[in-house]
Amino acid sequence: AARQAGGDTLVHYSESLNAQAGLRLDLEAQLRRAVERQELELHYQPQQSLSDGGLIGFEALIRWRRGEELVSPAHFIPLAEESGLIVSIGEWVLEEVCRQLSQWQADSGRRLVVAVNISPRQFAAPGFLAHIEALLASTHIDPSSIELEITEGVMMENAESAIVLLQRLRALGLRLSIDDFGTGYSSLAYLSRFPIDKLKIDQSFVRNMGTVKQQSAIVQATIGLGHSLGMTVIAEGVETEAQRALLHSWQCDEIQGYHYSRPLPARAALNFLQGSVQLRAA
Ligand code: C2E
Ligand code: MG
Ligand code: MG
Ligand code: MG
């Protein structure tokens, strides 16, 4: 009976494995086609300076337009990362951001910064630096209008080589930020050695700031830490005026979140840019 049960279990196990693998392969094939058919698009979320209320720039956030639905990156970036597709997707994102930046500069006469998310596999890929160098050489984008967002995991996984690569990117004139700060495992000893311009406080800390005392303490301490390391500090996921006011009172430099604006399609982002009072960037 035990053997039979074992057999049954095995059958079910392998069946469900096949089903899972099938789903995965299917999604992977769909994603591959999506890249070829140009079904990926970028939305742009505005970032605001707390000192003067001006627009700093945008974070580019990828979406997959699959028929009628707009698929969230949470549903396909992990798969793209596992399958390696992220390398070509990431190259497309950087190219699209450069194209968009030059168009916005031409349309608005204003300079701004666009932040781009860089995934671990993309950062570790051998051609990453060369692609960026080639891209900068072939466009007339001011490198300081591009900010690369990396996570603590990416930095700490292979810290010594990450420092070297980040220094090269910095030498090209790009800006660098740490995304989702506080959710990973940063070594404070290393943190001061990374050539980072901006620290992005993860939205999970911002969310409960008003109600959970410890969360407020963490946010305040992180702002202090960032400043003492010479970094600009931005808070993510700011949804309310109360959160904005608290962050402002704690000398946080910038905010990003639904309170200022949701992520916008490119055309709406241009309208936002043209309607914004000031531009502190560049
Ligand atoms: P992230 O880089 O931390 O981006 C911030 C996420 O928070 C975005 O989700 C944004 O829409 C959302 N958000 C912004 N303000 C608020 C707010 O006030 N409240 C709440 N609840 N959420 C807010 P999104 O667009 O779904 O992106 C999720 C993640 O997917 C990103 O997190 C990033 O890790 C990844 N991602 C997005 N675009 C790309 C890309 O082009 N390349 C790579 N490698 N990853 C990307
Ligand atoms: Mg980000
Ligand atoms: Mg983030
Ligand atoms: Mg995130």
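Up top is the structure these notes are about.
These figures come from a predicted structure and were not determined experimentally.

What counts and how
- Residues numbered from 1 in each chain as written.
- Chains lettered and ligands numbered in written order.
- Predicted model: local features only at pLDDT ≥ 70, side-chain atom pairs only at ≥ 80, totals over all residues.
- Heavy atoms only, no water.
- Helix = DSSP H or I, 4+ residues; strand = E, 2+ residues; numbered from the N terminus.
- Buried < 20%, exposed > 50% of the residue type's maximum accessible area, 1.4 Å probe, protein only.
- Contact = heavy atoms within 4.5 Å.
- Areas by Shrake-Rupley, 256 points an atom, 1.4 Å probe, with all protein chains shown as cover.
- Donors = N, O, S within 2.8 Å, 3.2 Å for Na, K, Ca; no water.
- Near = heavy atom within 4 Å.
- Polar contact = N/O pair within 3.5 Å; in protein donor to acceptor, adjacent residues only side chain to side chain.
- Nonpolar A, V, L, I, M, F, W, Y, C, P; charged D, E, K, R; others polar.

The next subject is the overall build of the protein chain. Per the secondary structure count, the protein chain includes 12 helices and 10 strands. Among the 282 residues that make up the protein chain, the fraction classed as buried is 44%. The long-range fraction of contacts in the protein chain, counting pairs at least 24 apart against all pairs at least 6 apart in sequence, stands at 69%. Taken as a whole, the protein chain presents about 14100 Å² of accessible surface, with 53% of it coming from carbon and sulfur.

Of the protein atoms, only Glu 59 (OE), Asn 117 (OD1), Glu 149 (OE) and Asp 179 (OD) coordinate the magnesium ion (ligand 2), at distances of 2.0 to 2.3 Å. As a motif over one chain, the donors of the magnesium ion (ligand 2) read E-x57-N-x31-E-x29-D. The metal-metal distance between the magnesium ion (ligand 2) and the magnesium ion (ligand 3) is 4.0 Å, with Asp 179 coordinating both. Taken together, the residues Asn 117 in strand 4 (residues 113-117) and Glu 149 in strand 5 (residues 146-151) connect sequence positions 32 residues apart. On the basis of relative accessible area, Asn 117 is assigned to the partly exposed category, the value being 31%.

Right, let's talk about the site of ligand 1 for a bit. In the vicinity of ligand 1 there are 22 residues, among which Arg 63, Asn 117, Asp 179, Glu 239 and Tyr 258 approach most closely. Within the side chain of Glu 239, an N or O atom sits 2.5 Å from a nitrogen atom of ligand 1. Isolated, ligand 1 exposes 800 Å² of accessible area, and the fraction of that covered by the protein chains is 81%. Elements with a minimum of two residues in the shell around ligand 1: strand 2 (55-66), helix 3 (86-108) and strand 6 (175-181). A total of 4 residues in the shell around ligand 1 trace back to one element, the largest contributor, which is strand 2. Across the shell around ligand 1, the residue classes tally to 9 nonpolar, 6 polar and 7 charged.

By themselves, these figures tell us nothing about what the structure is for.
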